[in-house]
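# Geometric and topological summary
This is what each chain is made of:
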Amino acid sequence: MTARAERTPAAPAGTPVAAGAAPTAGRLGAGVWVALAIVYVVWGSTYLGIRIAVETMPSFLSAAARFLTAGLLLAGFVAVRHGRAGLRVDLRQLGSAALVGGLLLTGGNGLVVLGETWIPSGLAALLVAAVPLWMVLLTAAGGDRPRPAELGGVLLGLVGLTVLSAPAIGGDIAPAGVIAILCGTLTWASGSFAAKRIRMPGNVLASSAYQMLAGGLGNALIGLLRGEQHGLHPGDISTRSWLALGFLVVFGSLVAFTAYAWLLRSAPLTLVATYAYVNPVVAVLLGRLVLAEPLTGPTLLGGAIVVAGVCLVVSVSRSSARPSARRSAR
């Protein structure tokens, strides 16, 4: 593994070293595991939230409302806590944040929201599990060969997801929804990969705010071009859709997306990518608890295999420092 592959984006002058320091596997702090737990659980529940929101809200405009609101709230928090200096970035950093935000939140999340207007939330969560596969391919294309055990964990996770999704393959599933979500997984993986390679704003909260604002503007533009505003009346939106949108703003964006943006700087990409394995399991369990969906044998078996794959990737990431990380430390 090359030294370049695990190097995080350079921080601007005056930024504390910890904000952009490259992590060493085996010395990952408790914050990494707390942030992972947040992304695992909260993002697993957002599929249900998205599905409820789009019952009476247009897809891209609902995503725009979510990210513009969250971005403004987070930017306001940074301004109050750190003053105008907390939001100060140069043009290169702003462009990087806009690029990553567009890939993650317009191309990635926006297409998932669109896909969920056609297919169930549980299947959407299963399809999003393609993200780690794209990340491994992108990492390999960048000259950073994954460890055999990491690759084995990815493949094991995909086997588990195949078992989970097998009962739905023979059902009446809209191809457009599947294609939209798979395209979204590729753009999301590309944004995650880019965030590890380009110079982002030094303040992770400010960076998240700019990414959400850029992604929200992108979703708004696409929604307007699609004509989603025509015939849209706030009074026609149900209370449960408003509540779902509020949940997505506070927990899905302000809490979980900020945790994810921090993880992209603080943990190995292969470890961060494991959220896409756990999210479907959480989505299935929530379907059982909230919607009384049946918990079948394939669901139990597939979920067990998924967890095994995640454990394998996590154990490799924690075992010992990578050669590239050791070189960076020197």
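The notes below deal with the structure included here.

### Points about the pattern of salt bridges
- Under the definition given, this model contains three salt bridges.
- Across the pair E55 and R240 runs a salt bridge, and its minimum N-O distance is 2.9 Å. Linking E55 in the loop between α2 (30-53) and α3 (59-82) with R240 in helix α10 (residues 239-266), this pair joins segments that are 185 residues apart in sequence.
- Put simply, R226 and E228 hold a salt bridge, and the shortest N to O gap is 2.3 Å.
- Taking relative accessible area as the criterion, R226 reaches 45% and is therefore assigned partly exposed.

### Considerations on the environment of L103
- Its location among the elements puts L103 in helix α4 (residues 91-115).
- What makes L103 partly exposed here is its relative accessible area of 23%.
- Counting along the chain gives 84 residues from L103 to T187, while the straight-line C-alpha distance between them is 5.3 Å.
- When neighbours within four sequence positions are excluded, L103 is seen to be in contact with G108, T187, W188, S190 and G191.

### Here we look at the nonpolar core
- Within the largest apolar cluster, 78 residues are counted, with the highest numbers of intra-cluster contacts made by W43, V131, W188, Y260, L263 and Y275.
- The leading source of residues in this core is α2, at twelve residues.

### Examining the packing of aromatic side chains
- Tallied over the entire structure, the rule returns six aromatic pairs.
- With centroids separated by 5.5 Å and ring planes inclined at 75 degrees, the aromatic side chains of Y260 and Y275 adopt a geometry described as edge-to-face. Of the two residues, Y260 sits in helix α10 while Y275 sits in helix α12 (residues 275-291), which places them 15 residues apart along the sequence.
- What makes Y260 buried here is its relative accessible area of 0%.
- Put simply, the rings of W43, W188, Y260 and Y275 touch in pairs and so form one group of aromatic residues.

Rules behind the numbers
- The numbering scheme is per chain: residues are counted from 1 as the chain's sequence reads.
- The predicted origin of the model limits local features to residues at a pLDDT of at least 70 and limits the giving and counting of side-chain atom pairs to 80 or more, whereas totals for whole chains, interfaces and linings rest on all residues.
- Derived side-chain values reflect all non-hydrogen atoms in the structure, with water molecules and hydrogen atoms excluded from consideration.
- Any Lys or Arg side-chain nitrogen located within 4 Å of an Asp or Glu carboxyl oxygen qualifies as a salt bridge.
- Helix and strand definitions follow DSSP, with helices as H or I runs of at least four residues and strands as E runs of at least two, each counted in order from the N terminus.
- Accessible area is worked out with a 1.4 Å probe on protein chains only. A residue is then buried under 20% of its type maximum, exposed over 50%, and partly exposed in between.
- Any two residues whose heavy atoms approach within 4.5 Å at even a single point are treated as in contact.
- Nine residue types can take part in a nonpolar core, namely buried Ala, Val, Leu, Ile, Met, Phe, Trp, Tyr and Cys, and a core is a set of them joined through side-chain atoms within 4.5 Å.
- Only centres within 6.5 Å qualify two rings of Phe, Tyr or Trp (six-membered ring in Trp) as a pair; their planes then separate them into stacked at under 30 degrees, edge-to-face at over 60, and tilted for everything else.

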